[in-house]
Amino acid sequence: MKKRLILLLAAMLLLGGCAASQGKPADNAYEDYIVVGFSQVGAESDWRNANTRSMQQALSAENGYRLIIDDAQQKQERQITAIRNFIHQGVDYIVLAPTTEQGWDTVLAEAKAAQIPVIIVDRRIDVADEGLFACWIGSDFRLQGDTAVRWMEENLAGQPLQIVHLQGNYGSSAQIGRTESLDIGVAANPGWTLAARDSGDFTQAKGQELVEAYLAGGIGFNLIFAENDNMAYGAIDALKKNGLVPGKDVTIISFDANRTALQMVMKGEISFDVECNPLHGPRVQAVIEQLERGETPPKFTFVEESAFGAEGLTEEIIDSRGY
Ligand code: GYE
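Residues numbered from 1 in each chain as written. Predicted model: local features only at pLDDT ≥ 70, side-chain atom pairs only at ≥ 80, totals over all residues. Heavy atoms only, no water.

**Student:** Hey, could you go over the packing of helix α3 (residues 76–89) against helix α4 (residues 105–113) for me, with residue numbers and the actual values?
**Tutor:** Running from N to C, α3 and α4 cross one another at 10 degrees; their axes reach a closest spacing of 10 Å. When the axes of α3 and α4 are compared, the pair comes out roughly parallel. Every residue of α4 that contacts α3 at Ile80, Ile83, Arg84 and Ile87 is listed here: Thr106, Val107, Leu108, Glu110 and Ala111. Its residues assigned to classes, the contact of α3 with α4 shows six nonpolar, one polar and two charged. (Axes fitted to C-alpha atoms, helices over the stretch in contact; angles between N-to-C directions. Helix = DSSP H or I, 4+ residues; strand = E, 2+ residues; numbered from the N terminus. Parallel < 35°, antiparallel > 145°, perpendicular 65-115°, else oblique. Contact = heavy atoms within 4.5 Å. Nonpolar A, V, L, I, M, F, W, Y, C, P; charged D, E, K, R; others polar.)

**Student:** I'd like a description of a negative patch on the surface, backed by residues and values.
**Tutor:** The grouping of Asp105, Asp126, Asp129 and Glu130 at the surface amounts to a negative patch. With respect to the helices and strands, Asp105 occurs in helix α4. Given the relative accessible area of 30%, Asp105 is considered partly exposed. (Patch = residues over 30% accessible without salt bridge, like charges linked within 9 Å, V, L, I, M, F, W, Y side chains within 5 Å. Areas by Shrake-Rupley, 256 points an atom, 1.4 Å probe, with all protein chains shown as cover. Salt bridge = Lys/Arg side-chain N within 4 Å of Asp/Glu carboxyl O. Lys, Arg positive; Asp, Glu negative; His and termini not counted. Charge placed at Lys NZ, Arg CZ, Asp CG, Glu CD. Buried < 20%, exposed > 50% of the residue type's maximum accessible area, 1.4 Å probe, protein only.)

**Student:** Explain the pattern of salt bridges to me, using residue names and the numbers behind them.
**Tutor:** According to the stated counting rule, one finds 13 salt bridges in the structure shown. Note that Asp122 is salt-bridged to Arg123, the shortest N-O span being 3.8 Å. Asp122 gets classed as buried once you look at its relative accessible area, which sits at 3%. The class of Arg123 is buried, set by a relative accessible area of 2%. Its salt-bridge partner being Lys241, residue Glu212 comes within 3.0 Å of it at the nearest N-O pair. With Glu212 in helix α7 (residues 204–216) and Lys241 in helix α8 (residues 229–241), this pair connects stretches of sequence that are 29 residues apart. Salt bridges here are not isolated pairs; linked through shared partners, they connect Glu44, Arg48, Asp122 and Arg123.

**Student:** I'd love a proper account of the site of the ligand, names of residues and values included.
**Tutor:** Of all residues adjacent to the ligand, which total 13 residues, the nearest are Glu44, Asp122, Arg123, Asn228 and Asp256. In the model, an oxygen atom of the ligand is placed 2.8 Å from a nitrogen or oxygen of the Asp122 side chain. Measuring from an oxygen atom of the ligand, one finds a side-chain N or O atom of Asp256 at 2.6 Å. Isolated, the ligand exposes 300 Å² of accessible area, and the fraction of that covered by the protein chains is 100%. (Near = heavy atom within 4 Å. Polar contact = N/O pair within 3.5 Å; in protein donor to acceptor, adjacent residues only side chain to side chain.)

**Student:** Summarise the sheet that holds strand β8 (residues 223–226); cite the residues concerned and give the values.
**Tutor:** If you walk across this open sheet you meet the six strands as β7-β6-β8-β9-β10-β12, and the pairing is mixed. In this open sheet, the two edge strands, each paired with only one partner strand, are β7 (192–199) and β12 (307–308). Relative to strand β9 (residues 251–256), β8 runs parallel, the two being bridged by three bridges. Note on β9: the bridge partner recorded for Ile224 is Ile252. (Pairing = 2+ DSSP bridges.)

Any functional reading would require information that these geometric values do not contain.
This is the structure:
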């Protein structure tokens, strides 16, 4: 409560005049102001930016929150520093979208000692004591990978596949789950071989760089399994630059199902895109409300997701989606 009051005073100093002139209740209005420190992975992809926006919209001042976002630029050390800063500032809640699964025990023990509940979103963490976080909300990345592999088995049956595999940043749940599925698919399908595999860190630039390097190196392939849309965009640019037709010369499988990518699915450039839902803001808000009421939210919540091929996909469907 003490920390809320300090922020209340700061907020009143900043907003006092305008709050009064707009006729807003000036005195007790910020007493329930909830301060949330959000350690975000970075801004590496459209998915990530949609995720950040969703958090900003839900944990807004109008909804009674003061949200402090730290962009870790995909570096775990930066996230650890950000969490320590949040503890130091005495925030009410910490939300962590972790870069990787490992390496959180120490800093989360510090948050626990400071009695700050930690909510994990998106990727998972692997800690010895699950009491170090209140709950986790995110996707089943292995299920996403399995959905992609099943589509390949059903739709490309009997075709020999030379696969270029663009991976996300190593050690992240999204990379681990999607990679596991492809590995199992390759082992189970005698006609499938891995032509090349590397991490493109979930970015468009690295996706393009890798595919250009494979083409320049004479590596033959007819399918790209990109672990997110941005790497798929980069791959498509690289193919086009080299006179290859995405969707014809090379089949592209992707993850996230952002609007831009779904347009490419409609055009046939991406053959199949597995949805990964980034709209965690309202889910985190609901969890904080539960915690505020003294309730215990479910420890693990998986969001529901689907997947898209060109069949049945329309502009209306794409427009109606939230990202
Ligand atoms: O697929 C990718 C992002 O962890 C689900 O990270 C997330 C992944 C997402 O950069 O685009």
